[in-house]
Amino acid sequence: RHVFNLLQYLYEQHSKPFTGDLFLYQFLHAPFLQPDAGDVARIAFLQRELRDQYRRDPSNADDQESRPDLSLIHLMGSRQLQEKAGVRQVDAFLTLAEKLNGLQKSLFDNTPQVYIEKLFSAFGILPFALTLEDKYQALDVLQTFFEFVKAESQRQRGLTIPTLVNTLRLCEQNNIRIPVTRMGGMQAGVELSTLHKAKGREFSHVFMINCSQRNWGNLKSTGFVLPDPYRREDVFAEEDDRRLFFVGLTRARTGIQVS
């Protein structure tokens, strides 16, 4: 939810600058951010005062909602205005405003997958998730969201962050939920893996299943065969399979069962 609020703010900044304060205000309450909640309230109160003053001036005919000097991001990036509001952690807001402006500038510099990774890194979301009591569930949620972005990128060629936000909004409006996929597990459990992914790792016990010629044969055959004079038999055709099988056997520290 907090990541989605951030994406919506960045989207609004792109489509209609300085109108996404609601999403930014909600994002400022994310538990992985450093600013104090009281300071967030002080900045919000100062913004309301400035807007009220602007509204009372009859010479101001412009829409106050889209004025840069009345926006939340402007207040967060101003040391003078923050000190006026009595903010205690001024530097924290200045750093956060700089990060947000940098992310805004790079909105179209990367694919959505890389951009989401940058968001996770910029705000320390993964390290924060690991400190939670229910860290496995938090990691599952984050991984599920990332896999959703990855799937949308494959489905929609040329996917951008604005189109991703529109897709997420449509899901929300139509009450379409993204089911959380369990990625992790308990320490005392069985891990399923391919032989390729098991390379370089060791386990106390290994169970290699489906070890039959049907599963280890050439699964990529197209059914097209060249005439004998144009075909060369490779005497090492099964060598890669033997090496891979050997990799599986040597993953075991204590026991190996082949079936």
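Higher on the page you've got the structure.
Predicted model only: the values in this text are computed from it and were never measured. (Residues numbered from 1 in each chain as written. Predicted model: local features only at pLDDT ≥ 70, side-chain atom pairs only at ≥ 80, totals over all residues. Heavy atoms only, no water.)

### Describing the nonpolar core
The biggest cluster of nonpolar side chains holds 52 residues, and the ones touching the most others in it are Leu-7, Leu-24, Phe-27, Met-76, Leu-100, Leu-119 and Phe-123. In terms of residues, this core owes the most to one element, helix H1 (residues 2-15), which gives seven residues. (Core = buried A, V, L, I, M, F, W, Y, C linked by side-chain atoms within 4.5 Å. Buried < 20%, exposed > 50% of the residue type's maximum accessible area, 1.4 Å probe, protein only. Helix = DSSP H or I, 4+ residues; strand = E, 2+ residues; numbered from the N terminus.)

### Observations regarding the packing of aromatic side chains
Under the defined criterion, the tally for this structure stands at three aromatic pairs. Between the aromatic rings of Phe-27 and Phe-123, the centroid separation amounts to 5.3 Å while the plane-to-plane angle is 75°, which identifies the pairing as edge-to-face. With Phe-27 in helix H2 (residues 21-27) and Phe-123 in the loop between helix H7 (112-122) and helix H8 (125-131), this pair connects stretches of sequence that are 96 residues apart. Ring geometry for Phe-32 against Phe-128: centres 6.2 Å apart, planes inclined by 65°, an arrangement best described as edge-to-face. (Phe/Tyr/Trp six-rings, centres within 6.5 Å; stacked < 30°, edge-to-face > 60°.)

### Concerning unusual backbone geometry
Its identity is not glycine, yet Phe-18 carries a phi of approximately 65°, on the positive side. Inspection of the secondary structure assignment puts Phe-18 in the loop between H1 and H2. On the accessibility criterion, Phe-18 (24% relative accessible area) is partly exposed. The phi dihedral of Asn-210 falls on the positive side, at around 55°, and the residue is not glycine. Mapped onto the fold, Asn-210 is located in the loop between strand E1 (203-208) and helix H11 (213-216). For Asn-210, a relative accessible area of 51% gives the class exposed.

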